[in-house]
Amino acid sequence: MKVGDLVKWSFSEQCYHDAFHHGEPLTEHRKCGIIIDKNEKYNFVYWTNGDLKAQAEGSLELVE
């Protein structure tokens, strides 16, 4: 993955969050985001609801 790619949460990340989240459910907000920066450990994703989050590459999939 690279800066500028459209991404969404992976299936395993969605399942984990749905099972263990505390507070607001975020799965619907993580169906589309854009990678705006990255380093060797994290992709920094700007999600459609306005959140900016650091996400491990294994927790993301490319949107087709």
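Note: the structure precedes this text.
Residues numbered from 1 in each chain as written. Predicted model: local features only at pLDDT ≥ 70, side-chain atom pairs only at ≥ 80, totals over all residues. Heavy atoms only, no water.

1. Details of the pattern of salt bridges
Summed over the entire model, instances satisfying the criterion amount to 4 salt bridges. Here D51 ties to R30 by a salt bridge, and the two come within 3.0 Å at their closest N and O atoms. Of this pair, D51 sits in the loop between β3 (42–47) and β4 (52–56) while R30 sits in the loop between α1 (11–20) and β2 (33–38), and the two are 21 residues apart along the sequence. A relative accessible area of 24% places D51 in the partly exposed class. Classification of R30 by relative accessible area gives buried; the value is 1%. Note that E57 is salt-bridged to K38, the shortest N-O span being 3.7 Å. With E57 in the loop between β4 and β5 (60–62) and K38 in strand β2, the pair connects residues that are 19 residues apart, well separated along the chain. Judged by its relative accessible area of 38%, E57 falls in the partly exposed class. (Salt bridge = Lys/Arg side-chain N within 4 Å of Asp/Glu carboxyl O. Helix = DSSP H or I, 4+ residues; strand = E, 2+ residues; numbered from the N terminus. Buried < 20%, exposed > 50% of the residue type's maximum accessible area, 1.4 Å probe, protein only.)

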